[in-house]
Amino acid sequence: MPMTFLRTAARNDALVGIAAGLAVAVITAIWSVATRAAVTGSLLPHDVTLIRFSVAALFLWPVFLVSLPRYRQTRKRSLLLMLAGAGVPFMWIASTGLTFAPVTHIATLMIVMMPIFVSLISWFVFRENLARRQIGGIATVVAGVLLIAGSALFLNRHAGAWIGDLMFLCSGLLFATFTVTQRRSGLSPWQATALVNVGSTLVFLPVHLALPTSGIPHAGLRELLVQALAQGMGMALLGLYCYTVAVARLGAPRAAIFLALVPPFSTVLGIVFLDEHPTGFALAGIALVMAGVVAVVFGARPGVAANRS
């Protein structure tokens, strides 16, 4: 009976997509806390970037090699946009931002802003109309972002969190570009995951070796193992794959709603493991952003949602 239920559930696109979306939210929250701990400890942003992609690449080499004919059939511009959107530029900017700002900021300004950027890219580039409720949701999100970033800029400017906030917004835009491009490229979730991780490793390993400083030789074995699990196995492999599965089963807008769960998960983990307590302004901004994302995702016209999925 349990096996029958599991087989039936596995054939249900909605259930698979929901499970993948929930997994993405949990993995992303853990990743944000692990990355913040790394870049405020022994490791540098480019160290975390290398660990993220190289560990996953070890497991994805066979997939990458088998997929080479499919990559050759894909437009070069799409491959480059996916590599930039979820590869080295994305990760390096995001991890550098975490040297300035706490996990609640990256969870909100990068992770939860992704579906907003997806909607804006779809509207600006592909001329997909936005429903009135979506426009209201975007306005709500902007208000939340201004509340979070504004409090960092005006109330605690000396801490430099606003610099990290700008980096998070930039990295969120990059990953939204990956989301839209991957969905339209025709690549499967495994093919896209292998492309990003193996391709990023091949490009970035020589760069990392050429850089004058690295924290990897000075980091403890436990710290490196935690980062290998959180970055390579967790976010780069399972997280990215689950996200592409959620997009494939639910469509990009509906899959993106699960990202709204990342801020509360990250806030709790940040309090427990990093002793980071968000301000009242930050919590209010998070609430506004999450509400706006819900409005954007569920406010889409049926025809538009179908086109995007």
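Thresholds, definitions, all that
Residues numbered from 1 in each chain as written. Predicted model: local features only at pLDDT ≥ 70, side-chain atom pairs only at ≥ 80, totals over all residues. Heavy atoms only, no water. Salt bridge = Lys/Arg side-chain N within 4 Å of Asp/Glu carboxyl O. Helix = DSSP H or I, 4+ residues; strand = E, 2+ residues; numbered from the N terminus. Buried < 20%, exposed > 50% of the residue type's maximum accessible area, 1.4 Å probe, protein only. Core = buried A, V, L, I, M, F, W, Y, C linked by side-chain atoms within 4.5 Å. Contact = heavy atoms within 4.5 Å. Polar contact = N/O pair within 3.5 Å; in protein donor to acceptor, adjacent residues only side chain to side chain. pLDDT = per-residue confidence, 0-100. Bend = angle between axes of the 7 residues up to and from the residue.

1. Quick look at the pattern of salt bridges
Turning to step 1, where the next piece is worked out: Enumeration over the complete set of coordinates arrives at one salt bridge.
Turning to step 2, where the next piece is worked out: Two residues, Glu276 and Arg36, come together in a salt bridge whose shortest N-O distance is 2.7 Å. You can see Glu276 sitting in the loop between helix H14 (262-274) and helix H15 (280-298) and its partner Arg36 sitting in helix H2 (residues 13-39), a full 240 residues away along the chain. As far as burial versus exposure is concerned, Glu276 and Arg36 are alike and both buried.

2. Some points on the nonpolar core
Turning to step 1, where the next piece is worked out: Among the nonpolar cores identified, the biggest contains 83 residues, and Trp31, Met110, Phe175, Phe178 and Val293 are the most heavily contacted of them.
Turning to step 2, where the next piece is worked out: Beyond its immediate chain neighbours, meaning those up to four positions away, Val293 contacts Val112, Pro115, Ile116, Val141, Ile257 and Ala260.

3. A few points about the side chain of Arg36
Turning to step 1, where the next piece is worked out: Note on Arg36: relative accessible area 15%, which makes it buried.
Turning to step 2, where the next piece is worked out: Within the local environment of Arg36, its side chain forms a polar contact with the backbone oxygen of Leu98, the two atoms lying 2.5 Å apart.
Turning to step 3, where the next piece is worked out: Discounting residues that sit within four places of it in the chain, Arg36 has contacts with Leu98, Thr99, Phe100, Ala101, Pro102, Val103, Leu274 and Glu276.

4. A short note on helix H6 (residues 88-97)
Turning to step 1, where the next piece is worked out: Most of H6 sits inside the fold, with seven of its ten residues counted as buried.
Turning to step 2, where the next piece is worked out: Among all positions of H6, only Val88, Phe90, Met91, Ala94, Ser95, Thr96 and Gly97 are buried.

5. Observations concerning unusual backbone geometry
Turning to step 1, where the next piece is worked out: Here Asp275, not a glycine, exhibits a phi torsion of approximately 55°, which is positive.
Turning to step 2, where the next piece is worked out: Examined against the element boundaries, Asp275 turns out to sit in the loop between H14 and H15.

6. Focus on the confidence of the model for the chain
Turning to step 1, where the next piece is worked out: Looking at the chain as a whole, its pLDDT mean stands at 84, while 88% of the residues score no less than 70.
Turning to step 2, where the next piece is worked out: The element-level mean pLDDT for the chain is lowest in helix H16 (residues 302-308), coming to 45, with helix H4 (residues 68-73) highest at 96.

7. Structural notes on helix H12 (residues 221-250)
Turning to step 1, where the next piece is worked out: At Gly234, H12 shows its strongest bend, of approximately 40°.
Turning to step 2, where the next piece is worked out: Count one or two residues on from H12 and you reach Gly251, which has phi positive near 90°.

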